[in-house]
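Understanding the architecture of this molecule
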There are 2 protein chains.
Amino acid sequence: MDRKILLNEKDIPKRWYNLAADLPTPLQPPLGPDGKPITPDMLAPVFPMNIIEQEVSTERWIDIPEPILDILYRWRPAPLRRAVYLERFLKTPAKIYYKDESTSPPGSHKPNTAVAQAYYNKEFGIKKITTETGAGQWGSALAFACQLFDLKCKVYMVRISFDQKPFRKIMMETWGAKCVASPSNETEIGRKILKEMPDTPGALGIAISEAIEETVRDTTGKTRYSLGSVLNHVMLHQSIIGLEAKKQLEMVGVKKPDIVIGCAGGGSNFAGLAFPFVQDKINGENIEIIPVEPKACPTITRGEFAYDHGDTACMTPLLAMHTLGHAFVPEPIHAGGLRYHGMAPLVCQAVVEGLMNPKSYHQLKCYESAMIWAKTEGFICAPETSHAIAATIEEAIKAREEGKEKVIIFNYSGHGLMDLTGYDAYINGKLHDYELPEEALKKSTSVLDGLPKPSTEKSGKW
Amino acid sequence: MDRKILLNEKDIPKRWYNLAADLPTPLQPPLGPDGKPITPDMLAPVFPMNIIEQEVSTERWIDIPEPILDILYRWRPAPLRRAVYLERFLKTPAKIYYKDESTSPPGSHKPNTAVAQAYYNKEFGIKKITTETGAGQWGSALAFACQLFDLKCKVYMVRISFDQKPFRKIMMETWGAKCVASPSNETEIGRKILKEMPDTPGALGIAISEAIEETVRDTTGKTRYSLGSVLNHVMLHQSIIGLEAKKQLEMVGVKKPDIVIGCAGGGSNFAGLAFPFVQDKINGENIEIIPVEPKACPTITRGEFAYDHGDTACMTPLLAMHTLGHAFVPEPIHAGGLRYHGMAPLVCQAVVEGLMNPKSYHQLKCYESAMIWAKTEGFICAPETSHAIAATIEEAIKAREEGKEKVIIFNYSGHGLMDLTGYDAYINGKLHDYELPEEALKKSTSVLDGLPKPSTEKSGKW
């Protein structure tokens, strides 16, 4: 029995999968400031047109250009692994598989879309890409990708993570990018927020506003913005994870998993693994699909399904998604990549449809799970990934109690080698749980009151 | 053409290779304080007897116990990769392969022997292992291994690295070990050195003395010391690297490489890859074998071949090796794992035989090479590994100039994700070259004057 299920290069998926083609209820369009659906032109100052075309596409399969594959081959196909040591420790009859996305140079799944986005920007004649980053996984992935395509890269990093993870900045600089803490003094919105809240830990929503501001103020038209999650084209690029995983499960004789798990901040690593299985579920397979989020930022589990902006300064179109309100600043939990007020519209529409079973966990439980992982499987996971592990352990114990031989697969979205301060806090008993009080939630979602409402109709099949 | 050459679990080597069986001139025995060869008993307070037996063995092949393999399967067999992107960048006709030892949980080749040593200690009834660490690669590898075998672990980490690489300590603690900066106040030798040189950056030799002191003062007999390099049993355990690599080269039709390269501090990652090829060279193959060291700590390239202690406080037996003198404190270069005054006797005897072509490089050239690596292959290497890359680039350029299609293989001993301060210094122009002045070398090797001299006889075949 092999613990690593490996694909050869020739077996890498040559096409991405687009869930938008199969959703039982079609995705609701992004709206402009006037409440009317936006047109592709309106996104043109922010994204190159070839990416906008992917964003609005409902084609089921989209070819992966060869220059993108040529870069992905540096670490893809990624291994699927069997967590036999965790299984033994839990004495579970469940078979636990995990897709190991930590093997990329920046250490997470993020380069799957960073490379694609850098490629399309380059093709479109763009010279510089701006972006935001939470924990630094995305920023370093884009820095890596831009370096390989000879593009400039500027990263606004959420201040709390900038301070907690100093090595991420060096990593980005090693790949030739520039990285500043957000809110920064480099943008109007940054200066405004710093004046109002000089001690703010920052938030992804703020960093997005800063990056977009830098993009649209470049009058040469050679700068574009790049988002590492949330949007449809990002989910598309990440589908390579699940497509590989399906081939690998087949290699060990698994026709379909019983449970698919991924942590969810903006939704991209979760969707990357899950969407190809969501297609199977839509086609009749019985699969439980679990996005996992922190109780400190419980977007799908407690947020409203509403039209909201993706950023704090309301520069983005309105997206139909679960949200805690665009001005929400989550507590400074260590899983910086999960500190986002919104969620990918494709994920949210699938939640509305009842295709998913979202869960949330406390920070302490997640670190406990990460420590069990380090002591059994031996690897040190990212704090984001620990949320998926917490859910996996819970499901494996349930399988033991039910005496069922379930197949669980989760996405090991990244390693935690750059995020050790959280482990330090845990080991020394300095880590706290956070849970959003009901009052604070009401207040933070009150910004949605005047905005249009999306349809919550569903096909009723799940 | 696959860039990753992958072995299945069933193809993992089941036996280690011992170069001591094939050396044309036999290894010279370690000597005690009286200048006479030491007996296994004399090592018993420091190492468990089953490891001592391996240390003195001249068996060519030694079986790898199944419980060790069960742990190694977490990341082994390790990938062999083809550095096609570097080849393209250098426009070289050379084929560059590298054995990727960065995929282990602690991120280097070190757990290959840490796991074996923890196993043998556990088998022997030991409860606690002490050790030293330079850059932290070894300390975290032993922490990882001890955790899996439920042994206590105490690590003395060279102060300069302790300060430069704060995350290494957290990593060790995550795996349940205790880590202190060396020299420390926890041992007599540590207190003595701190009194004499309160600002010393520390050195591996000092940290070894401290770890041994803690071992021998435990009167219960349940503590032993573990060394991560230099000794014969360590080279033995690391031979799995080269044995895998030979199988992988065969898979792509390479009968033998032309050049084998590894960075060399104490010699273990270099020997791990090189020794199985040294066997081929002894058997008549034409292979150039290059250990690479820093110019700041040029043990093989400028040190004396002499009998010397492995540690600063002269607690270890005398070993026949190249040395800069046991009191030598190298400049604080970032490649902490290469800051050692001595070298594995097996490597040194092979150097004396003329089987190897040692080289040394400046720190700046190594970081330049690391940056080229990050910009082509995409991965961020350990500062130690950058020495092997510097030599590889030089050989690949030579192949281009000679128009020869050589096969080069080097050991990618570890990733640099925990060592980013060196990259920061390089990027910001704050990195300096060091080269040991002739006078300082003379002074540091003067401690060898009163000690016995090893034979420098060789078979004359190379």
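Residues numbered from 1 in each chain as written. Chains lettered and ligands numbered in written order. Predicted model: local features only at pLDDT ≥ 70, side-chain atom pairs only at ≥ 80, totals over all residues. Heavy atoms only, no water.

Another point: the relation of the copies chain A and chain B. In the superposition of chain A on chain B (RMSD 0.0 Å, axial shift 0.0 Å), the rotation amounts to 180°. On this basis, the relationship between the two copies can be described by a two-fold rotation axis. In this assembly, 100% of the residues forming the interface of chain A have copies in chain B that are likewise at the interface, indicating an isologous arrangement. (Least-squares fit on C-alpha atoms with pLDDT ≥ 70 in both. Contact = heavy atoms within 4.5 Å.)

Residue and element names in this part refer to chain A. Domain annotation of chain A identifies domain 1 (4-9 + 76-107 + 234-448) and domain 2 (31-62 + 110-225). The straight-line distance from the C-alpha centre of domain 1 to that of domain 2 is 23 Å. Taken together, the contact between domain 1 and domain 2 spans 42 residues of the former and 41 residues of the latter. Taken together, the two surfaces of domain 1 and domain 2 that pack against each other cover about 3,200 Å², and 62% of this comes from carbon and sulfur. Remark: the boundary between domain 1 and domain 2 carries one salt bridge. Taking the shortest distance from any N to any O, the salt bridge between K165 and D419 comes out at 2.9 Å. For the pair domain 1 and domain 2, the number of links is 15 residue pairs in polar contact (both at pLDDT 80 or more). (Domains from an automatic or database assignment. Buried area = accessible area lost by both parts, 1.4 Å probe. Salt bridge = Lys/Arg side-chain N within 4 Å of Asp/Glu carboxyl O. Polar contact = N/O pair within 3.5 Å; in protein donor to acceptor, adjacent residues only side chain to side chain.)

This next bit is on the side chain of E353 of chain B. All names here are of chain B. Mapped onto the secondary structure, E353 falls in the loop between helix 14 (345-352) and strand 14 (359-361). Despite its burial, E353 remains without a salt bridge, the nearest opposite charge being carried by K461 at 7.2 Å. A polar contact is formed between the side chain of E353 and the backbone nitrogen of S459, at a distance of 2.7 Å. The residues contacting E353, other than those within four sequence positions of it, are P24, T25, K458, S459, G460 and W462. (Helix = DSSP H or I, 4+ residues; strand = E, 2+ residues; numbered from the N terminus. Buried < 20%, exposed > 50% of the residue type's maximum accessible area, 1.4 Å probe, protein only. Lys, Arg positive; Asp, Glu negative; His and termini not counted.)

Bringing the confidence of the model for chain A into the picture now. Within chain A, residue pLDDT values average 96, and 100% of them lie at 70 or more. Interface predicted TM-score (ipTM) for the complex: 0.95; the corresponding pTM is 0.96. (pLDDT = per-residue confidence, 0-100.)

Evaluation of the coordinates by the stated rule reveals 52 salt bridges over all chains. For E438 of chain B, the salt bridge goes to R302 of chain B, with nearest N and O atoms at 3.0 Å. Separated by 136 residues along the polypeptide, E438 of chain B in helix 18 (residues 438-445) and R302 of chain B in helix 13 (residues 299-302) bring together distant segments of the chain. You can call E438 of chain B partly exposed: its relative accessible area is 47%. For R302 of chain B, a relative accessible area of 26% gives the class partly exposed. One salt-bridge network, held together by shared partners, links K128, K154, K178, E186 and E214 of chain A.

Take the sheet that holds strand 4 (residues 80-82) of chain A next. Residue and element names in this part refer to chain A. Taken in spatial order, the seven strands make up an open sheet running 1-4-5-15-10-11-14, and their pairing is mixed. Either end of the sheet is taken by a strand with one partner, and the two such strands are strand 1 (4-5) and strand 14 (359-361). For strand 11 (residues 288-294) and strand 14, the ladder comprises three bridges, and the chain directions are parallel. Following the sheet pairing, P294 is matched in strand 14 by Y361. Across the face of the sheet, helix 15 (residues 363-376) comes into contact with strand 5 (95-100), strand 14 and strand 15 (407-412) while running at roughly 85° to strand 14. (Pairing = 2+ DSSP bridges. Axes fitted to C-alpha atoms, helices over the stretch in contact; angles between N-to-C directions.)

Residue and element names in this part refer to chain A. Here E210 shows up in helix 10 (residues 204-216). As a buried residue without a salt bridge, E210 has its nearest oppositely charged side chain in R191, at a separation of 7.4 Å. Setting aside residues no more than four positions away along its own chain, E210 makes contact with Y156, S182, P183, S184, T187, I189 and G190.

Taken together, the 49 residues of chain A in the interface contact 49 residues of chain B. Carbon and sulfur atoms make up 58% of the area that chain A and chain B hide from each other, which totals about 4,100 Å². Sorting the residues of chain A by area buried against chain B places R74, F167 and T174 of chain A first, and these three jointly supply 17% of that buried surface. On the surface where chain A and chain B come into contact, there are six salt bridges. Across the salt bridge formed by D70 of chain B and R88 of chain A, the nearest N and O atoms sit 3.0 Å from each other. Inspection of the region where chain A meets chain B yields 22 residue pairs in polar contact (both at pLDDT 80 or more). Ranked by residue count, the leading element in the side of chain A that touches chain B is helix 8 (residues 166-174) of chain A, at six residues. Classifying every residue of the side of chain A that touches chain B by side-chain character gives 25 nonpolar, 10 polar and 14 charged. (Nonpolar A, V, L, I, M, F, W, Y, C, P; charged D, E, K, R; others polar.)

A few words on the packing of aromatic side chains. Counted by the stated rule, this structure contains 27 aromatic pairs over all chains. Centre to centre, the rings of Y17 of chain A and W61 of chain A are 5.3 Å apart; their planes meet at 55°, and the pair counts as tilted. With Y17 of chain A in strand 2 (residues 15-17) and W61 of chain A in strand 3 (residues 61-63), this pair connects stretches of sequence that are 44 residues apart. R74 of chain B extends its terminal NZ or CZ atom over the ring of Y85 of chain A, reaching a point 3.4 Å from the ring centre. Above the ring of F277 of chain B, the side-chain terminus of K246 of chain B is found at 5.9 Å from the ring centroid. (Phe/Tyr/Trp six-rings, centres within 6.5 Å; stacked < 30°, edge-to-face > 60°. Lys NZ or Arg CZ within 6 Å of the ring centre and 35° of its normal.)

On to helix 8 of chain A, then. Quick reminder: α-helices carry 3.6 residues per turn. Residues three or four places apart thus point the same way. Residue and element names in this part refer to chain A. Counting buried positions along helix 8 gives seven out of nine residues, so the element sits mostly inside the fold. Within helix 8, burial applies to F167, R168, I170, M171, M172, E173 and T174. One or two residues past the end of helix 8 sits G176, with phi positive at roughly 85°.

Let's shift gears to the packing of helix 2 (residues 49-56) of chain B against helix 5 (residues 111-123) of chain B. Two quantities define a packed helix pair, namely the angle between the axes and the distance from one axis to the other. Residues and elements named next belong to chain B. Running from N to C, helix 2 and helix 5 point in directions that differ by 130°, and their axes come no closer than 8 Å. Here helix 2 is positioned oblique relative to helix 5, judged by the angle of their axes. On helix 5, the residues that touch N50, I51 and Q54 of helix 2 are Q117, Y120, N121 and E123. Among the residues forming the contact of helix 2 with helix 5, the class breakdown is two nonpolar, four polar and one charged. (Parallel < 35°, antiparallel > 145°, perpendicular 65-115°, else oblique.)

Residues and elements named next belong to chain B. Judged by pairing direction, the sheet is parallel, and its four strands sit side by side in the order 8-7-6-9 without closing on themselves. Strand pairing shows two members of the sheet lacking a second neighbour, strand 8 (178-182) and strand 9 (223-225), which therefore form its edges. When the angles between neighbouring strand axes are averaged without regard to direction, this sheet yields 20°. Two strands pair when backbone bridges link them, and strand 7 (residues 152-158) and strand 8 are joined in this way by five bridges, in the parallel orientation. The residue of strand 8 that forms the bridge with Y156 is V180. Along the sheet face, helix 8 (residues 166-174) touches strand 6 (128-133), strand 7 and strand 8 and points at about 175° away from the line of strand 7.

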